[in-house]
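Spelled out from the first residue to the last, the chains are:
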Amino acid sequence: MMNMAKVGDLILDREHGDIGLVVEESRAEGWKGLRYRVLHVAADGRRITGWFSKEYVETECEVVG
């Protein structure tokens, strides 16, 4: 199932239970196919952003808010 994530959406990794906030979306597939920039909080409380592929965000994650 494809989830069309957009900036401001909370997403949930179905396998690991991690939740992140989509903070930026590249219109074109960027470096190594990475398209969504997601903010999440690490176990030690650090706020981390990372780029993820369209395939991962739209097939392995669920938009929850």
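Use the structure listed above.
Reading guide: rules and limits
- Residues numbered from 1 in each chain as written.
- Predicted model: local features only at pLDDT ≥ 70, side-chain atom pairs only at ≥ 80, totals over all residues.
- Heavy atoms only, no water.
- Salt bridge = Lys/Arg side-chain N within 4 Å of Asp/Glu carboxyl O.
- Helix = DSSP H or I, 4+ residues; strand = E, 2+ residues; numbered from the N terminus.
- Phe/Tyr/Trp six-rings, centres within 6.5 Å; stacked < 30°, edge-to-face > 60°.
- Buried < 20%, exposed > 50% of the residue type's maximum accessible area, 1.4 Å probe, protein only.
- Core = buried A, V, L, I, M, F, W, Y, C linked by side-chain atoms within 4.5 Å.
- Contact = heavy atoms within 4.5 Å.
- 1 Å grid on protein atoms, 1.4 Å probe; cavity = no way out; pocket = protein on both sides within 12 Å on 5 of 7 lines; lining within 4 Å.
- Points joined across faces, edges and corners; volume = space filled by probe spheres on them.
- Nonpolar A, V, L, I, M, F, W, Y, C, P; charged D, E, K, R; others polar.
- Pairing = 2+ DSSP bridges.
- Patch = residues over 30% accessible without salt bridge, like charges linked within 9 Å, V, L, I, M, F, W, Y side chains within 5 Å.
- Areas by Shrake-Rupley, 256 points an atom, 1.4 Å probe, with all protein chains shown as cover.

### Focus: the pattern of salt bridges
Under the criterion given, the structure shown has four salt bridges. A salt bridge links arginine 35 to glutamate 25; its shortest N-O distance comes to 3.3 Å. Highlighted residues: arginine 35 in strand β3 (residues 34-41) and glutamate 25 in strand β2 (residues 19-25), separated in sequence by 10 residues. Between arginine 46 and aspartate 44 there is a salt bridge, with the nearest N and O atoms lying 2.8 Å from each other.

### With respect to the packing of aromatic side chains
To describe a pair of aromatic rings, you give the distance between the ring centres and the angle between the ring planes. A full pass over the atoms with the stated rule returns one aromatic pair. Between phenylalanine 52 and tyrosine 56 the ring centres are 5.5 Å apart and the planes differ by 35°, which places this aromatic pair in the tilted class. Owing to a relative accessible area of 25%, tyrosine 56 belongs among the partly exposed residues under this scheme.

### Quick look at the nonpolar core
Among the nonpolar cores identified, the biggest contains seven residues, and these are Ala5, Ile11, Val22, Tyr36, Val38, Val57 and Cys61. Not counting the four nearest positions on each side in its chain, isoleucine 11 is found in contact with Ala5, Asp18, Ile19, Gly20, Val22, Val38, Val57, Cys61, Glu62, Val63 and Val64.

### Overview of the layout of surface pockets
Roughly 150 Å³ of volume is contained in the largest pocket. Of all the elements in the fold, those that place two or more residues in the lining of the largest pocket are β1 (10-13), β2 and β3. Within the lining of the largest pocket, the residues separate by chemical class into six nonpolar, two polar and two charged.

### Structural notes on the pairing of strand β4 (residues 47-53)
The pairing of β3 with β4 spans seven bridges and is classified as antiparallel. Across the sheet, the residue bridging to leucine 34 is serine 53, located in β4. Linking β3 to β4, which pair antiparallel, is a turn of five residues; within it glycine 45 sits at a positive phi near 95°.

### Thoughts on the environment of leucine 12
Along the polypeptide, leucine 12 turns up in strand β1. Here the alpha-carbon distance between leucine 12 and valine 57, two residues 45 residues apart in the chain, equals 9.0 Å. Aside from chain neighbours lying at most four places away, what touches leucine 12 is Gly17, Asp18, Ile19, Glu60, Cys61, Glu62 and Val64.

### Regarding a nonpolar patch on the surface
A cluster of nonpolar side chains, namely Leu10, Ile19 and Val64, defines an oily patch on the protein surface of about 240 Å² accessible area. Along the chain, valine 64 turns up in the segment after β5 (61-63).

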